[in-house]
Amino acid sequence: MPFVLMLVLGPINFLVWNIQDASKMDSLWYLKKLKVDYNVKLLVLLEPMLEEGRLDYVKRLVGFTSTISLVEGKIWVL
């Protein structure tokens, strides 16, 4: 089971995951399930190990509309 930090703070649900390899489809589908199950509004992925160009793909797959990449692509905020 991966390490996932989930905070439920009233209307805003926040999830931080040190995903380390966002290229695995199993990880991305699990992430999408977490987003839906817990109504996650803000997602932070640490060390996704993907090119920043893949951020848009992950954003659409998981179901977010806005993104930002920080620290040379090592932190993604959706």
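Residues numbered from 1 in each chain as written. Predicted model: local features only at pLDDT ≥ 70, side-chain atom pairs only at ≥ 80, totals over all residues. Heavy atoms only, no water.

> So what exactly am I meant to see when it comes to the overall build of the protein chain here?
Check the secondary structure of the protein chain and you find two helices and five strands. Starting at the N terminus, the α and β elements of the protein chain follow one another as β-β-α-β-α-β-β. Across the 78 residues that make up the protein chain, the buried fraction comes to 33%. If you take every contact in the protein chain between residues at least 6 apart in sequence, the share linking residues at least 24 apart comes to 58%. As presented, the protein chain carries roughly 5000 Å² of accessible surface, and 59% of it is formed by carbon and sulfur atoms. (Helix = DSSP H or I, 4+ residues; strand = E, 2+ residues; numbered from the N terminus. Buried < 20%, exposed > 50% of the residue type's maximum accessible area, 1.4 Å probe, protein only. Contact = heavy atoms within 4.5 Å. Areas by Shrake-Rupley, 256 points an atom, 1.4 Å probe, with all protein chains shown as cover.)

> Honestly, helix α2 (residues 55-62) in this entry has me stumped. Any pointers?
Residues separated by three or four positions in an α-helix point in the same direction, a consequence of the helix having 3.6 residues per turn. Inspection of α2 places Leu-55, Val-58, Lys-59, Leu-61 and Val-62 among the buried residues, and these make up the whole buried set. At its buried positions, α2 is contacted by α1 (25-38), β3 (42-46), β4 (68-70) and β5 (75-77). Count one or two residues on from α2 and you reach Gly-63, which has phi positive near 105 degrees.

Any functional reading would require information beyond the geometric quantities listed.
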